[in-house]
Every structure is written in C-alpha cells, then in structure tokens.
Amino acid sequence: MTLPRALIVDDEPDIRELLEITLNRMEIETVLVGNVERARAALTQGKFDLCLTDMRLPDASGIDLVRFIQQQFPSIPVAMITAHGSMETAVEALKAGAFDFVSKPVDLQSLRNLVTTALKLSQSAAPQGRSLVGTSPAMDTLRDKISKLARSQAPIYISGESGTGKELVARMIHEQGPRAASAFVPVNCGAIPQELMESELFGHKKGSFTGAVSDKLGLFQSAEQGTLFLDEVAELPVHMQVKLLRAIQEKSVRPVGAEREVPVDVRILSATHQDLAELVERGTFRQDLFYRVNVIQLQVPPLRKRPGDIPLLADHILHRLAGQMGVEIPEISPASLAVLKAYKFPGNVRELENVLERAMTLCEGSTIEEVNLGLSAPNPADDAEFGVNSDDLNTLLVSVEKEKILRALEETRWNKTAAAKFLGISFGALRYRMQKLGLE
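Fair warning: this is a prediction, and the values are worked out from it, not measured in the lab.

S.K.: Can you walk me through the overall build of the protein in this structure?
M.R.: Scanning the protein for helices and strands turns up 20 helices and 16 strands. Overall, the protein is about 85 × 55 × 50 Å in size when its C-alpha atoms are taken along their principal axes. Across the 440 residues of the protein, 48% fall into the buried class. Surface exposure of the protein reaches about 21400 Å², of which carbon and sulfur atoms provide 49%. The centroid of the 49 positive side-chain charges in the protein is displaced by 3 Å from the centroid of its 58 negative side-chain charges.

S.K.: Explanation requested: empty space enclosed by the protein in the structure shown.
M.R.: A probe as big as a water molecule, rolled over the atoms, marks out the empty space that is left. Inspection of the entire model under this criterion finds one cavity of 30 Å³ or more. Each pocket or cavity is described by its volume, and for the largest cavity that value is around 40 Å³. Here the lining of the largest cavity is composed, by residue class, of three nonpolar, four polar and two charged.

S.K.: Please explain the nonpolar core as it appears in this structure.
M.R.: Nonpolar side chains in soluble globular proteins generally cluster together in the buried interior. By size, the foremost hydrophobic cluster in this structure holds 47 residues, and its most contacted members are Leu7, Leu65, Ile158 and Val169. Ranked by residue count, the leading element in this core is helix H4 (residues 87-96), at six residues. Dropping the residues within four chain positions of it, Leu7 is found in contact with Val31, Val33, Ala39, Ala42, Leu43, Phe48, Leu50, Cys51 and Leu52.

S.K.: Explain the sheet that holds strand S2 (residues 29-33) to me, please; I cannot follow it from the model alone.
M.R.: By way of backbone hydrogen bonds, the strands of a sheet pair with one another, either parallel or antiparallel. Pairing in this open sheet of five strands is parallel, and the strands run S2-S1-S3-S4-S5 from one edge to the other. The two strands at the open ends of the sheet, each matched to only one other strand, are S2 and strand S5 (100-103). Taking each pair of neighbouring strands and ignoring which way they run, the sheet shows an average axis angle of 20°. Looking at chain direction, strand S4 (residues 78-82) and S5 are connected through four bridges and run parallel.

S.K.: Is there a simple way to explain the pairing of strand S1 (residues 5-9) in this structure?
M.R.: A regular strand places its side chains on the two faces of the sheet in alternate fashion. S1 sits mainly inside the fold: four of its five residues count as buried. Where S1 lies against S2, five bridges are found, and the strand directions are parallel. Within S2, the residue paired with Leu7 across the bridge is Val31. Crossover S1 to S2 through helix H1 (residues 13-25) is right-handed. The pairing of S1 with strand S3 (residues 50-54) spans four bridges and is parallel. Each bridged residue has a counterpart across the sheet, and for Ala6 the counterpart in S3 is Leu50.

S.K.: Can you help me understand the layout of surface pockets in this one?
M.R.: The volume enclosed by the largest pocket comes to roughly 790 Å³. Taken together, 33 residues line the largest pocket, and the ones lying closest to its centre are Ser110, Gln249, Glu250, Lys251 and Ser252. The set of elements that each furnish at least two residues to the lining of the largest pocket consists of H4, S5, helix H5 (108-119), helix H10 (238-250) and strand S13 (267-272). Broken down by class, the residue content of the lining of the largest pocket amounts to 14 nonpolar, nine polar and 10 charged.

S.K.: Help me understand unusual backbone geometry in this model?
M.R.: For residues other than glycine, phi is negative in most cases, and the peptide bonds are mostly trans. In this structure, Pro105 follows Lys104 across a cis peptide bond, with omega equal to -10°. The residue Pro105 is located in the loop between S5 and H5 in this model. Although it is not a glycine, Phe345 sits at a positive phi angle of roughly 50°. Considering the arrangement of structural elements, one finds Phe345 in the loop between helix H14 (334-342) and helix H15 (348-362). Judged by relative accessible area, which is 0%, Phe345 ranks as buried. Backbone geometry at Arg413 places phi at a positive 55°, although glycine is not the residue there.

S.K.: Just to check I follow, could you spell out the environment of Leu276 for this structure?
M.R.: One can find Leu276 in helix H11 (residues 276-282). A C-alpha to C-alpha distance of 37 Å links Leu276 and Gln324, two positions 48 residues apart in sequence. Excluding residues that lie within four positions of it along the chain, Leu276 makes contacts with Tyr157, Val233, Ala234, Phe285 and Phe290.

S.K.: Hey, could you run me through the packing of H1 against H5 in this one?
M.R.: In a pair of packed helices, the angle between the axes and the distance between the axes together describe the arrangement. At a closest axis distance of 11 Å, the pairing of H1 and H5 adopts a crossing angle of 60°. Here H1 is positioned oblique relative to H5, judged by the angle of their axes. H1 and H5 meet at a crossing whose hand is right-handed. Across from Leu18, Leu19, Thr22 and Leu23 in H1, the residues of H5 making contact are Leu108, Leu111, Arg112 and Val115. Considering only residue class, the contact of H1 with H5 consists of six nonpolar, one polar and one charged.

S.K.: Looking at this model, I keep getting lost on the sheet that holds S13. Mind explaining?
M.R.: With respect to topology, five strands assemble into an open sheet ordered S7-S10-S13-S6-S14, the strand pairing being parallel. For this open sheet the edge positions go to strand S7 (184-188) and strand S14 (296-299), each flanked by a neighbour on one side alone. In this sheet, neighbouring strand axes are inclined to one another by 20° on average, regardless of whether the strands run parallel or antiparallel. Relative to S13, strand S10 (residues 227-231) is paired through five bridges, and the arrangement is parallel. Pairing of Phe229 across the sheet is with Leu269, part of S13.

S.K.: Where do I start with the packing of aromatic side chains in this structure?
M.R.: Note on aromatic pairs: each is described by the distance of the centres and the angle between the planes. Tallying each qualifying case throughout the model produces five aromatic pairs. Look at Tyr343 and Phe345: their rings are 4.6 Å apart centre to centre, the planes differ by 85°, and that puts the pair in the edge-to-face class. No difference in accessibility class separates Tyr343 from Phe345, as the two residues are buried. The ring centre of Phe48 lies 4.5 Å from the NZ or CZ of Arg5, which sits over that ring. Above the face of the Phe101 ring, Lys251 is positioned so that its terminal group lies 4.5 Å from the ring centre.

Cut-off values and rules
- Residues numbered from 1 in each chain as written.
- Predicted model: local features only at pLDDT ≥ 70, side-chain atom pairs only at ≥ 80, totals over all residues.
- Heavy atoms only, no water.
- Helix = DSSP H or I, 4+ residues; strand = E, 2+ residues; numbered from the N terminus.
- Buried < 20%, exposed > 50% of the residue type's maximum accessible area, 1.4 Å probe, protein only.
- Areas by Shrake-Rupley, 256 points an atom, 1.4 Å probe, with all protein chains shown as cover.
- Lys, Arg positive; Asp, Glu negative; His and termini not counted.
- Charge placed at Lys NZ, Arg CZ, Asp CG, Glu CD.
- 1 Å grid on protein atoms, 1.4 Å probe; cavity = no way out; pocket = protein on both sides within 12 Å on 5 of 7 lines; lining within 4 Å.
- Points joined across faces, edges and corners; volume = space filled by probe spheres on them.
- Nonpolar A, V, L, I, M, F, W, Y, C, P; charged D, E, K, R; others polar.
- Core = buried A, V, L, I, M, F, W, Y, C linked by side-chain atoms within 4.5 Å.
- Contact = heavy atoms within 4.5 Å.
- Pairing = 2+ DSSP bridges.
- Axes fitted to C-alpha atoms, helices over the stretch in contact; angles between N-to-C directions.
- Right-handed = clockwise from strand over helix to strand, strands pointing away.
- Parallel < 35°, antiparallel > 145°, perpendicular 65-115°, else oblique.
- Left-handed = near helix turned anticlockwise from the far one by under 90°.
- Phe/Tyr/Trp six-rings, centres within 6.5 Å; stacked < 30°, edge-to-face > 60°.
- Lys NZ or Arg CZ within 6 Å of the ring centre and 35° of its normal.

The values are spatial; any link to function lies outside them.
In structure tokens:
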C-alpha cells in the first residue's frame, strides 16, 4: 500500500521536525525543504498529496508558493502556517487558493484534523445526488465554481435573492468536498429566538439556565468534521456576531455555562438575501465578521436572468410533485410555457415551484393551461410601477385555490372522492393540497 506524501516548506528546523514527526505518526511520508525554490523543484520531481508551507520564507512569500501550486498542480491541497492572530494573512492565503490554514504555535490536534480533511479530497471528487437544473451559461459557470470551491476550506458567502437555491448550492459544496461523509447542518439564523441563539449555536451545560435540564450539544458541535450552513446570517444580533467571529477565528466554542472552550472542526458557509456590504456601512453587521465570512463570494443568479432554463426546471418540478401526489405527470401547454418564460419570477425557483404546485391542483385535465398558472395579474417584478407585492399576490392565489376546493367539498357534502372528481383531479392530489392548505 502506497503511503500519502506531504511536502513541508519551512525555514525553521524545529517547526519542520514537529510537522514531520506528527505526519509520520499519521503514516504520511514527508519531504522537507526550507524555501520556495526547493519546494518548486520537489513538486516537479515527485507526486504529493498535500503541502504545508510557512507564510514567511527566505526567498519568497508562502502566498507565492500557493499561487504556483494552484496554477501548476491544482490537485494538491496547500495549507498555510501563519503567525498567531494574523487573520489578514490567513484570509489572503485562502483567497490565493490555500486549502486551509493553521496558526503558530501549531496545535497538533488542529493540524491532524486539517491533514485528515485534506487527504480526503482525492476520495470526494464525484458529485453526489443533488444537482442544479439548467443548461444556461450562468448555471454552467456556477457548477464550475462549486466544483472548485468544494476543494477548499475557505469560508464562502453565498449571495442571491430569496428562492434562488442558496441552500442547495451550499449542500453541493459540502457533498463534493472532503467533508461529504460528515454532517451538513443548516441553520436559519432568523428563525432562532435571540434568547436561545447562543445555546443553539454553541450548546449549554446542565443547570446553566432555567430549563437546562441536561447538557446539550450546539449546532457547531453537531457539524463536527462537517459543514455548518448559516442561512440569513444578516439576522444575527450584534452580540452574537462577536461570538461567531471568535468561534470562526479560534476554531472553538464555549457552551453556555462551561468553563472552557471546546475545539471544533467545522467548515462555515453562510448566505443571506440582503446586501451584507450595505449592512456593514449602516453599522448593523460587523465589518470584521463580514471579512471573515466573505473570504470568497459566490453569487446565485436569479431565475429571470436564465429564462431558457424554465422548461427544464418545470419538467423537473412536475416530476417531483407528481411523485409526491401519486398522480400522473401533467403536460404544460405551449401557451403556458410561454407565459412562464416571460414572467420575471421575483420569488425565483421557489415561486416557480409554488405556481406549478397550484396549477397541478387547479387544472381539470392532464395539461396545465395558461389559466391555471394564475400569472395574468400585473407582474410582481414591476412593484414600483404597479404597486403589487409578490407576497400579496401569492396570498391571493392561495386564497383563490382554497375557495375553489372548499366550494367543491361543500357541493359534494365533503365527500373527498366526489370533490376530487368535481375538480378534475385525483383523490391523492386533493388530499395533498388539503394538507398544504390546512383543510384537514
């Protein structure tokens, strides 16, 4: 069996020896060099699975070596060894393409975690089951970026409008990366009550507050060796932004009521539909946290920028919905498809799903017609011109659908089989819609 091989680049003999001993105990062969020139020579002469390099080297910066490896040997993950507390340097290294970083004095457990994760990269190249639907150039570009960013451990800020699929993108980054075998833990920061937020994120000890009847692991620890996805990170109150920043920088958390911090090995992905840079200017989001979570930004395009993907998306959604409802997959009339492609979808893919879900219920045959879409009202994307709010329009459409189903139930004295026949849909489809609308 061939052992993994690591290149160690540091001009301090003591550091080189410490790294060599640690990696050798992990059954990893090592090659030791003291400058960038010798590192480049070693890379051209042999195969490596990992490179650890100091930031400050006699003949060049470690950043220069990171860039060289990115260009010439992109399959080799590079980790940067930085001075304690120099987060600016660490961020610069991550932006240059470093896989991750470790600070001096080197914590051996953090180093072992980093090395273990890096060596998993070669085993995680094949994407998992989830995928982005669409053949537009914007989606091809997004898929390429996801594939590259999955190899890094850099914090990624996923930006995009509501309903574009930011969580799906985060899951794909996780599933295509070296942490795929561990947990992906999504958390909506806006959905946690402020008084419980610290306990939810960092955990608590028994008796630390009223109601703490036992020890509880926080979401950081639940994501150990995996990925923590902080959705709507802009919703974090300022006092929690401070604690989150420390957790990210120190790679440790302190549960509520605990005396000591607990080390965590977690990759952080975050997202929001708000403009974080604007919130920083307003003073509602800390600038230092912004720079920490926004090492690399990945933008998810809105649906109106890729209308050519709508037929594929619609087909994908209808197949899934038909499976959930237990009905045949309906067709979409050419006129309906033209309406969908012309519509601006302020709610993006999520709104398309809602529109098609309602249309499946409202259509009286096996084909979705234009009238079933409920999109003849003024376009919600033109709110400023028409004064129409997309949320109000969705509420109106739900109300119309609810009224139609209730009328059918009343006409048939709440005989669901007869009501389904009256509406021209299957019994399963009626049950599904009644559950969604709270009528059961």
